[in-house]
Amino acid sequence: MSTATLGEIVDYLDRYLRIAEVPDEAGAVNGLQVENGGVIGGIIAAVDASQQTIDGAIAARAHLAAPPLVLVHHGLFWDGNIAVTGRRYRRLSALMAADSALYAAHIPLDVHPEVGNNAVLADKLGLVDRQPFDLYKGVTIGIQGVLPGSVSREELASRLDNLL
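Bear in mind that the values here come from a model prediction, so they are computed numbers and not experimental data. (Residues numbered from 1 in each chain as written. Predicted model: local features only at pLDDT ≥ 70, side-chain atom pairs only at ≥ 80, totals over all residues. Heavy atoms only, no water.)

Enquirer: What is the right way to look at the pairing of strand β4 (residues 42-48) in this model?
Expert: Residues in a regular strand project their side chains so that they alternate between the two faces of the sheet. Bridging between β4 and strand β5 (residues 68-74) involves six bridges; their strand directions are parallel. Opposite Ile43, over in β5, you have Leu69 as the bridge partner. One crossover worth recording links β4 to the parallel β5 by way of helix α2 (residues 51-60), and it is right-handed. (Pairing = 2+ DSSP bridges. Helix = DSSP H or I, 4+ residues; strand = E, 2+ residues; numbered from the N terminus. Right-handed = clockwise from strand over helix to strand, strands pointing away.)

Enquirer: When you look at the side chain of Gln33 in this model, what are you seeing that I'm missing?
Expert: For Gln33, the position within the fold is in strand β2 (residues 31-34). Judged by relative accessible area, which is 13%, Gln33 ranks as buried. At 2.8 Å, the side chain of Gln33 and the backbone nitrogen of Leu76 are in polar contact. Apart from residues lying up to four places away in sequence, Gln33 is in contact with Ala28, Gly75, Leu76, Phe77, Leu102, Tyr103 and Ala104. (Buried < 20%, exposed > 50% of the residue type's maximum accessible area, 1.4 Å probe, protein only. Polar contact = N/O pair within 3.5 Å; in protein donor to acceptor, adjacent residues only side chain to side chain. Contact = heavy atoms within 4.5 Å.)

Enquirer: What's the story with the pattern of salt bridges in this structure? I'm lost.
Expert: A side chain with one charge may pair with a side chain of the opposite charge, provided their charged atoms come close. Going through the model one piece at a time under the given rule, you end up with three salt bridges. Note that Arg130 and Asp123 form a salt bridge whose closest N and O atoms lie 2.7 Å from each other. The partly exposed category is assigned to Arg130, whose relative accessible area is 33%. With a relative accessible area of 45%, Asp123 lands in the partly exposed category. (Salt bridge = Lys/Arg side-chain N within 4 Å of Asp/Glu carboxyl O.)

Enquirer: Quick question: what am I supposed to make of the packing of aromatic side chains here?
Expert: For any pair of aromatic rings, the description consists of the separation of the ring centres together with the inter-plane angle of the planes. Taken as a whole and assessed by the stated rule, the structure comprises one aromatic pair. Considering the side-chain rings of Tyr12 and Tyr16, the 5.4 Å spacing of their centres and the 10° angle between planes classify their relative orientation as stacked. Taken together, the residues span about one helical turn, with Tyr12 and Tyr16 both in helix α1 (residues 6-16) at a distance of four residues. According to the relative accessible area criterion, Tyr16 is partly exposed, its value standing at 26%. (Phe/Tyr/Trp six-rings, centres within 6.5 Å; stacked < 30°, edge-to-face > 60°.)

See the structure below:
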């Protein structure tokens, strides 16, 4: 089993996802949200930094050489500078007790041309003639395209159901 430093991974993710360049909502806090002792044994990816996600990542530690980095789309901090109580306390204390780090990327992940949810879904659907769909604070977001061949509404719904 191998390990990497938290700094190396965060530097890479910050550059790859263009964290400093892509605008987001004020409360999104993209990037490293919770650091650890500096060594990472694996990455656990999830949509939300829920208690279930955090508990699952901590349980996965048994199979890793060092604590995991939890990489999420929706991070811990959306509601501003508030007290660390209740579920916020439980989530933070669980991460820190397990020496696990947490990294969040919201809009920077949405708009990423390779691994963003829009790009991946467009790939999986086989869209051709792709074009940007809209702008978010001056940054292209969303993808529109054409499904190859004739596809009924029911077939598209079935494809989406299987993919999602």
